[in-house]
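# Fold and geometry: a report
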Amino acid sequence: VRLVSCKTGFGVKTMMEKAKNLAEEMDADIYVVGAANAGKSTLVNYLLDENNPMRKEGFKGKKRAGNANKWKGSVTTSPLP
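Attention in this report is confined to the structure presented alongside it. Bear in mind the structure is a predicted one, so any value in this text is a computation, not a measurement.

### Considerations on the environment of K13
Residue position: K13 is located in helix α1 (residues 12-26). On the basis of relative accessible area, K13 is assigned to the exposed category, the value being 62%. Along the chain, K13 and L47 lie 34 residues apart, while their C-alpha atoms are 9.4 Å from each other.

### Thoughts on the nonpolar core
Within the largest apolar cluster, five residues are counted, these being V12, M15, L43, Y46 and L47. Listed by contribution, the elements that provide at least two residues to this core are α1 and α2 (40-51). A per-element tally of this core places α2 first, with three residues. Residues within four places of L47 in sequence aside, it is in contact with V12 and M16.

### Focus on unusual backbone geometry
For residues other than glycine, phi is negative in most cases, and the peptide bonds are mostly trans. Residue D27 is not a glycine yet carries a positive backbone phi of 50 degrees. Topologically, D27 is positioned in the loop between α1 and α2. Judged by its relative accessible area of 74%, D27 falls in the exposed class. Unlike most non-glycine residues, N37 shows phi in positive territory, near 60 degrees.

About the thresholds
Residues numbered from 1 in each chain as written. Predicted model: local features only at pLDDT ≥ 70, side-chain atom pairs only at ≥ 80, totals over all residues. Heavy atoms only, no water. Helix = DSSP H or I, 4+ residues; strand = E, 2+ residues; numbered from the N terminus. Buried < 20%, exposed > 50% of the residue type's maximum accessible area, 1.4 Å probe, protein only. Core = buried A, V, L, I, M, F, W, Y, C linked by side-chain atoms within 4.5 Å. Contact = heavy atoms within 4.5 Å.

If you want it as structure tokens, here you go:
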């Protein structure tokens, strides 16, 4: 469990470094899971924005699954099988 803030960026870099190292050690993927309204999409959108300056400049609306998908590679939601 990690305490992070997508608003300020607090703890995100450390969390991602730890997750990447763990994924490499275990030769595994990284998944973002959690309860409804826990901020999963907000976290993923924050990470996408940090790694793509064009997303920061080009997107002016609210970031919700409904309109964030206009950017290829954005978060989509689907129930687990």
